[in-house]
Amino acid sequence: MQLHEKNKSHSAPLRDPHQDMLVGIRELAPEIKARAAEIEAARRIPPDLVERLRSIGLFRMFVPHSHGGLELEFPAGLEVIKTLARLDGSIGWIAAVAGVSSLFVAASPPELYKRVYQDGPDTAICGSSQPGGTAERVADGYRVKGRWPFASGCMHADWIGGICFVTENGKPVPGPQGKPLLRAVMLPARDWEIEDTWHVAGLEGTGSHHVTLRETLVPEANFFDLDAAPRQSGPLYRALRQLLPLVHGAFVVGMAESTVDELLALANTGRQQLYAAVPMRESEIFQYELGRISAELGAAQAFHEVQAASHWRHALAGTLNDEDLVVEGARSASWLATTCVGIADACFSLAGSSAVYDSSPLQRRLRDLHVAAQHAHAQQRQYVDVGKLALRRSTELAG
């Protein structure tokens, strides 16, 4: 089946896009859970599951109405990502990539944007946020070469993007504030080479391989500036960097919820651990630890919800493009990652020896969360900027 025909069949308007997506996810949930081992073994999302996700609107949830997309409100899209992450880490991560990629490409010029979505709004896009290549200026555009890591979803992508250092005569071109100039390149997936590099500790099913371009002449029309002024109307597209940490937050909160789900399911089987006097659910030690975990999970859920609502209010008011909000988002992502990893660690410990087997969802969620916490959005070094912001704000209030 051609991409055009595939997308065309899925692009009919939904009655209530957000709720219909959640209904579709609930219907798909048993199959996703049953195929967790298959997803990990394949190191990608099986093609038939990709098509099921496509059919419920995953790849068009943040595509604008003008191009046939759902253009969900940002908190609604985060709920979709969190719900899928609660079912499976790799599928939740792919959902996050689907949303973020739609927001990234919204910064592209109208001609390129039209080409990306020429076959409909269900186009799967992925890319790497690391500047892994160079784009040498030549008469007909750019000569691009490079190798980009962490291209999650590249095995099912229709288009792939990468960030390049722009060069001229072999030397970096200076950009804003004296830093090297960066530009994003977008090409159909068939133009990229995928290297089989994704052999990892967690999120195995995301297929986050390296992608490569080897001395490829790329027209100017396939490049765009990520920091360009918004090209699409609507609050979703007024700023990008401010929203990205909140997508990561949705993922880790969904995963933390699932670890608690799995621990409760184990306890409710009546399991009694070796040398324990009573079953897990009757143990006061277990009850105490579960109560503490529940409090931490509630705090994480509330923090993420409040931060997402705050950012969305700024988006609606046209005030999202503010560097302070980048720092606020980084604060939430860093804290949420640490807290949610702690929840997973605690659940794994309470589960005892049964959690060490590959068949245990708890060990898989533990690994997935630890890998997610290695992401740049979750790094603890970002607290430096958070502290600086707190000091500046306190000085402004005192003045």
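Counting of residues starts from 1 at the beginning of each chain's written sequence and follows it residue by residue. pLDDT decides what is reported in this predicted model: residues at 70 or higher carry local features, side-chain atom pairs at 80 or more are listed and counted, and totals for whole chains, interfaces and linings draw on all residues regardless. Side-chain figures throughout are based on the complete set of non-hydrogen atoms in the structure, without hydrogens or water.

**Description of the packing of helix α6 (residues 89-105) against helix α8 (residues 244-267)**
At a minimum axis separation of 10 Å, α6 and α8 run at an interaxial angle of 165°. In terms of axis orientation, α6 runs roughly antiparallel to α8. As α6 runs across α8, the sense of the crossing is right-handed. Counted together, Gly89, Gly92, Trp93, Ala96, Val100 and Phe104 of α6 and Leu244, Val247, His248, Phe251 and Met255 of α8 form the full contact between these two elements. Lines fitted to the C-alpha atoms define the axes, with helices restricted to the stretch that makes contact. Angles between their N-to-C directions range from 0 to 180 degrees. Secondary structure elements follow DSSP: runs of H or I no shorter than four residues count as helices, runs of E no shorter than two count as strands, and numbering proceeds from the N terminus. Oblique is the label for every angle not falling under 35 degrees (roughly parallel), over 145 degrees (roughly antiparallel), or within 65 to 115 degrees (roughly perpendicular). Crossings are classed by handedness, with left-handed meaning an anticlockwise turn of the near helix from the far one by less than a right angle and right-handed meaning a clockwise turn. Two residues form a contact once any of their heavy atoms are found within 4.5 Å.

**Focus on the confidence of the model for the protein**
Mean pLDDT for the protein: 94, with 96% of residues reaching 70 or above. Confidence scores here are pLDDT values: one per residue, from the predictor, ranging 0 to 100. Here residues 1-11 is a poorly scored stretch, pLDDT under 50, and it has 23 contacts once near neighbours within four places are set aside; other chains count.

**Some words on helix α11 (residues 361-372)**
By definition here, a helix of n residues has an expected span of 1.5 Å times n minus one. Taking 1.5 Å per residue, 12 residues should reach 16 Å; α11 reaches 16 Å between its end C-alpha atoms and fits that length. Packing partners of the buried residues in α11 comprise α3 (36-42), α5 (74-87), α6, α8 and α10 (323-351). Polar contacts here mean pairs of N or O atoms no more than 3.5 Å apart (in protein, one a potential hydrogen donor and the other a potential acceptor; neighbouring residues in sequence count only if both atoms are side-chain atoms). The N-cap residue of α11 is serine 360: its side-chain oxygen and the backbone nitrogen of leucine 362 are 3.2 Å apart.

**Digging into the pairing of strand β3 (residues 159-168)**
Only protein chains enter the area calculation, which uses a 1.4 Å probe; residues under 20% of their type maximum are buried, those over 50% are exposed, and those in between are partly exposed. When you tally the buried positions in β3, you get 8 out of 10 residues, the bulk of the element. In short, DSSP must find at least two bridges between two strands for them to pair. The pairing of strand β1 (residues 125-138) with β3 spans 8 bridges and is parallel. In the sheet register, cysteine 126 faces β3, and the bridge partner there is isoleucine 160. Examined bridge by bridge, β3 and strand β5 (residues 182-188) share 7 bridges and lie antiparallel to one another. When the sheet's bridge partners are listed, isoleucine 163 is paired in β5 with alanine 184. The pairing of β3 with strand β4 (residues 171-172) spans 2 bridges and is antiparallel.

**Quick notes on helix α4 (residues 47-55)**
Burial in α4 covers these residues: Leu49, Val50, Leu53 and Arg54. Each buried residue of α4 sits inside an arc of 145° when the element is viewed along its axis, so together they form one side. The first or second residue beyond α4 is glycine 57, which carries a positive phi of 100°. The arc in question is the one traced by the directions running from the helix axis out to the C-beta atoms.

**A short note on the environment of serine 129**
Here serine 129 is to be found in strand β1. Exposure remark for serine 129: the relative accessible area of 52% places this residue in the exposed category. It is 9.2 Å that separates the C-alpha atoms of serine 129 and alanine 184, two residues lying 55 residues apart in sequence.

**Concerning the environment of aspartate 122**
Here aspartate 122 shows up in the loop between α7 (110-116) and β1. Looking at aspartate 122, the relative accessible area reads 0%, which means it is buried. A sequence separation of 68 residues divides aspartate 122 from arginine 54, and the C-alpha atoms of the two residues are 6.4 Å apart. Polar contacts involving the side chain of aspartate 122 include one to the side chain of arginine 60, which spans 2.8 Å.

**What about the environment of methionine 155?**
Position of methionine 155 relative to the elements: it lies in the loop between β2 (141-151) and β3. Take methionine 155: its relative accessible area is 33%, and that puts it in the partly exposed class. Contact partners of methionine 155, with chain neighbours within four places excluded, come to Arg44, Ile194, Gly207 and His209.

**Structural notes on the state of the cysteines**
When the sulfur atoms of two cysteines come within 2.5 Å, that pair is taken as a disulfide. On inspection of all chains with the given rule, the structure shows 0 disulfides. Cysteine 154 takes part in no disulfide bond, and the closest cysteine sulfur, belonging to cysteine 126, lies 5.4 Å away. Since its relative accessible area comes to 3%, cysteine 154 is described here as buried. Take cysteine 164: it sits in no disulfide, and the sulfur closest to it among the cysteines is that of cysteine 126, at 14 Å.

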